[in-house]
Amino acid sequence: MIKPTMNGTVRSVCPFDCPDTCGLSVTFEKGKITKITGDSEHPVTRGAICNKVRQLNDRVYHPERLLYPMRRTGPKGELAFERITWDEAYKEIATRMRSIINENGAEAILPYSFYGNMGVLNSESMDRRFFHRLGATQLDRAICNAAGSKGYSYTMGGSIGIDPEDTVHTKLFLIWGCNMVSTNMHQTMLATEARKNGATVIHIDVHRNRTSAWADRFIHLRPGTDAALALGMMHVIIRDGLTDMAFLEQNTLGYEELFEQATEYTPARVEEITGVPAAEVEELGRLYGSTSPSFIRIGNGLQHHDNGGMIVRTISCLPALTGQWGIQGGGAMKGNSWYSRLNGKKLERPDLLPDPEVRTVSMNQLGEALLELTPPIRMLFVYNSNPAVVAPDQNRVRDGLLREDLFTVTHDLFLTDTCKYSDLVLPATSHFENLDLYTSYWHLYLQLHEPIMEPMGECKSNFTLFKELALLMGFEEAEFDLTEEQMIAEALDSENNPLLDGITFETLKTNTWMKASGGKLPPVTEMIPTASGKIELYSDAMAQAGLPPVPDYTPLREPDTYPFLLTTGPNHSFINSTFGNQERLQKLEKEPLLHMHSQNADELGLKDGERVKIRNDRGEVEMAVRIGHDVLPGVLVTQGLWWDDKKKGHQAVNALTPQRLADMGGGATFFSNRVEVLKL
């Protein structure tokens, strides 16, 4: 640990919800962080990090950083708080919990968290164990990748793709539904290396963005129609005899059924559905079918539709048709968390649940849960998340948070929008102040992070908070009076994952990072974790779940009440709502913008830069319109989850998005959202 008077450079890890999980190099002068760069020795980071993480010292030393526990003194919806001690905060939480349990049962308590900090200890260890032991209502944390992960797993059995370091060998690089330049910069670096070696890079998306400008070609399609485009490519590949029949016979199930389905998706029909010209569908199908190795980077955004699971399921079948999984640099990736999976049962201890059948609430339906659930939620415990901004159908969420009979505790680094509705606000450490273990859902390295500074003020980590609260509640010391080192050892005791052999707390302490499988990953075809052990183009599991067992296109379910489809993707300088309060990054993004096609702008009599109202039955927001050809007619895009700021005119866009669940995995449907635009 850096002492307050020391100078020097130390290693760290980026903690945010991003696939890259970068190794960092942090410079101190007189005990204070003055510079953050990428670790040049890290095999994937290689010295390069995004601009927002370069500004982490602004976040750590931000003048508005929470340093002490606070109690609400004014009405909900305002930031009126008084400083209290941790003893007072703990006493009030424990007293409230006991009272609620006696009156309503433990299921009247609901945790709400996600991955504001991706460290294993501070995202899914002592906290899960605490709420399991308490018997609280369980939270289905399905707001991000649930639909796509489920769809991909129906094909491949789990979150399993190629080693991203192998993508330098790729000759055709399809980036599908992913603004990779802004959200996966090290995959962009690897793709750049592949392009220098002769690869062609094609971006497929609903929005012409930074990645489109960087790619060699851009294919523009209507939101929610990606499965039809994939089936159109299959049609061309099969029709033109470009399939690898030997690979299909040896490694897949259900080719005949997929063949029948693909024959229906002619390029002409695909053009009608997607807006992609039939000639372009033909060309893309032939190019993919005749280029090897080819790789598909499946993005996060396209799964946030009513049909998001099936979209990813369908795209994930493409590499098998041409045998790409058997070639270095060929295949696909939605995520790679299967390789570095930890011992979740030992960490989270679901066996401590008094009632294994206790109810579960989807985090995508928080508004409905707070307003309609019976018996009602009486206590909400928020950490690693900012639901007043990130949760869909936001007005319903905030109406629920305004309930006077709801006691809300929020543990965070800042007074977020959620804190406006909280009764207690507790100060959280930054990851620089924690010991933790990090895995990546993209690359294959596990990394140990040792604290590089003392906790600021009276801040506590999630791990410490729930450990101390558990002991105050009288929970068993054997399960809760543990050190971080012990919990990391439990996480790495993964008897079901031989790829972690040799990776322990001690070896990570020596090496900082270690690669799952020791860098000797078996071929994907030798470890496909489906029930059959093969790539399942036809899925019995889907049939048993009442889903179409063969890839198909289904239209979006949002009624055509309003004329525009609105997609609300990430921007370049924020990660969800994280960094949204840093002025330097706000200035880079300038302001929230609504991208609109010039044809629609002419019809509405709008000029570039003019402020408009966007509304539907769920809510309304105002922002400036950006007119051009970055979206198709009838489609709108806005980027970034901006914090509410009346002075600057910033509003949280999730006032417009639905609570509906996707076709698979209980995923969110942020992007299957229809609105109208009104001239102000």
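Residues numbered from 1 in each chain as written. Predicted model: local features only at pLDDT ≥ 70, side-chain atom pairs only at ≥ 80, totals over all residues. Heavy atoms only, no water.

**Student:** Explain the overall build of the protein residue by residue, including any values.
**Tutor:** Helix and strand counts for the protein stand at 27 helices and 27 strands. Computed over its C-alpha atoms, the radius of gyration of the protein comes to 25 Å, within 12% of the 26 Å expected for a compact globule of 680 residues. The buried share of the protein, taken over its 680 residues, is 63%. Across the protein, every contact between residues at least 6 apart in sequence was considered, and the portion connecting residues at least 24 apart equals 76%. Of the roughly 24800 Å² of accessible surface on the protein, 48% is carried by carbon and sulfur atoms. Counting 67 positive and 88 negative side-chain charges, the protein places the averaged centre of each group 5 Å from the other. (Helix = DSSP H or I, 4+ residues; strand = E, 2+ residues; numbered from the N terminus. Rg over C-alpha atoms; globule rule 2.2 N^0.38 Å. Buried < 20%, exposed > 50% of the residue type's maximum accessible area, 1.4 Å probe, protein only. Contact = heavy atoms within 4.5 Å. Areas by Shrake-Rupley, 256 points an atom, 1.4 Å probe, with all protein chains shown as cover. Lys, Arg positive; Asp, Glu negative; His and termini not counted. Charge placed at Lys NZ, Arg CZ, Asp CG, Glu CD.)

**Student:** How would you sum up the packing of helix α10 (residues 226–239) against helix α15 (residues 308–315)? Please name residues and give values.
**Tutor:** Helices that pack against each other are described as a pair by the angle of their axes relative to one another and the distance between those axes. Where α10 contacts α15, the axes come no closer than 8 Å and their chain directions differ by 20°. On the basis of the axis angle, α10 is roughly parallel to α15. Crossing of α10 over α15 shows left-handed handedness. Between α10 and α15, the contacting residues are Asp-226, Ala-227, Ala-230, Leu-231 and Met-234 on the first element and Met-310, Ile-311, Thr-314 and Ile-315 on the second. A per-class count over the contact of α10 with α15 returns 7 nonpolar, 1 polar and 1 charged. (Axes fitted to C-alpha atoms, helices over the stretch in contact; angles between N-to-C directions. Parallel < 35°, antiparallel > 145°, perpendicular 65-115°, else oblique. Left-handed = near helix turned anticlockwise from the far one by under 90°. Nonpolar A, V, L, I, M, F, W, Y, C, P; charged D, E, K, R; others polar.)

**Student:** I'd like a description of the nonpolar core, backed by residues and values.
**Tutor:** Ranked by internal contacts, the top residues of the largest apolar core, which has 122 residues, are Met-97, Phe-130, Phe-131, Trp-176 and Phe-381. For this core, the leading source of residues is α10, giving 9 residues. Excluding its chain neighbours within four sequence positions, the residues that come into contact with Phe-131 are Met-97, Ile-109, Pro-111, Ala-136, Gln-138, Phe-381, Tyr-383 and Phe-466. One finds Leu-380, Leu-594, Met-596 and Phe-671 within the second-largest nonpolar core, a separate group that totals 48 residues. (Core = buried A, V, L, I, M, F, W, Y, C linked by side-chain atoms within 4.5 Å.)

**Student:** Run through the packing of helix α3 (residues 86–104) against helix α21 (residues 462–472), naming residues and quoting values.
**Tutor:** Running from amino to carboxyl end, α3 crosses α21 at an angle of 60°, the nearest separation of the two axes being 10 Å. As judged from the angle between their axes, α3 and α21 are oblique. Considering only the axes of α3 and α21, their crossing is right-handed. Contacts between α3 and α21 involve Trp-86, Tyr-90, Lys-91, Ile-93, Ala-94, Met-97 and Arg-98 on the former and, on the latter, Thr-464, Leu-465, Glu-468, Leu-469 and Leu-472.

**Student:** Give me the lowdown on the sheet that holds strand β1 (residues 8–13), citing residues and values where you can.
**Tutor:** Paired through their backbone hydrogen bonds, the strands of a sheet run either parallel or antiparallel. Taken together, the 3 strands give an open sheet; going across it, the order is β1-β2-β3, and neighbouring strands pair in antiparallel fashion. Two strands close off the open sheet at either side, each with one partner strand: β1 and β3 (32–38). With direction set aside, neighbouring strand axes in the sheet form an average angle of 30°. Summarising the sheet, β1 and strand β2 (residues 23–29) pair through 6 bridges and their orientation is antiparallel. Looking across to β2, one finds that Ser-12 is bridged to Leu-24. (Pairing = 2+ DSSP bridges.)

**Student:** Pulling in residues and values, what's your account of the pattern of salt bridges?
**Tutor:** Summed over all chains, the structure comprises 44 salt bridges. Close ionic contact of Arg-349 with Glu-479 constitutes a salt bridge, the shortest N to O distance being 3.9 Å. In this pair, Arg-349 is assigned in the loop between α17 (344–348) and β14 (360–362) and Glu-479 in helix α22 (residues 477–480), connecting sequence segments 130 residues apart. When the shortest N-O distance is used, the salt bridge between Glu-372 and Arg-396 registers 2.4 Å. One end of the pair, Glu-372, is in helix α18 (residues 366–372); the other, Arg-396, is in helix α20 (residues 394–401), with 24 residues separating them in the sequence. When its relative accessible area of 47% is taken as the criterion, Glu-372 is described as partly exposed. A relative accessible area of 27% places Arg-396 in the partly exposed class. Through salt bridges with shared partners, a single ionic network connects Asp-306, Arg-557, Glu-558, Arg-618 and Arg-660. (Salt bridge = Lys/Arg side-chain N within 4 Å of Asp/Glu carboxyl O.)

**Student:** Let's hear about the packing of aromatic side chains: which residues, and what values?
**Tutor:** The full count for this structure, using the stated rule, is 17 aromatic pairs. Consider the rings of Trp-86 and Tyr-90, whose centres lie 5.2 Å apart with planes at 45°: the pair is tilted. Of this pair, Trp-86 and Tyr-90 both sit in helix α3, separated by 4 residues, roughly a single helical turn. With respect to class, Trp-86 is no different from Tyr-90; both count as buried. Through a chain of ring-to-ring contacts, three or more aromatic side chains come together here, namely Phe-130, Phe-131, Phe-381, Tyr-383, Phe-466, Phe-475 and Phe-480. In this structure, Arg-195 is placed above the aromatic ring of Trp-214, and the distance from its NZ or CZ to the ring centre is 4.6 Å. Here the guanidinium or amino end of Arg-341 rests over the ring plane of Trp-338, the centre of that ring lying 4.1 Å away. (Phe/Tyr/Trp six-rings, centres within 6.5 Å; stacked < 30°, edge-to-face > 60°. Lys NZ or Arg CZ within 6 Å of the ring centre and 35° of its normal.)

**Student:** Can you tell me about the side chain of His-235, naming the residues and giving the values?
**Tutor:** Here His-235 is to be found in helix α10. Judged by relative accessible area, His-235 falls into the buried class, the value being 12%. A distance of 2.9 Å separates a polar side-chain atom of His-235 from the backbone oxygen of Ala-262. Setting aside anything within four residues of it in sequence, one finds His-235 in contact with Ala-262, Thr-263, Tyr-265, Thr-266 and Pro-267. (Polar contact = N/O pair within 3.5 Å; in protein donor to acceptor, adjacent residues only side chain to side chain.)

**Student:** Quick one: what's the story with helix α8 (residues 185–196), residue by residue and with numbers?
**Tutor:** Over its 12 residues, α8 runs 17 Å from end to end, which matches the ideal 16 Å to within 8%, given 1.5 Å per residue. All of the buried residues along α8 are His-186, Gln-187, Thr-188, Leu-190, Ala-191 and Ala-194. Summarising the contacts, the buried residues of α8 are in contact with β8 (172–176), α7 (180–183), β9 (200–205), α9 (210–214), β12 (294–298) and β13 (331–333). Phi for Gly-198, located one or two positions after α8, is positive at around 110°. (Expected span 1.5 Å × (residues − 1).)

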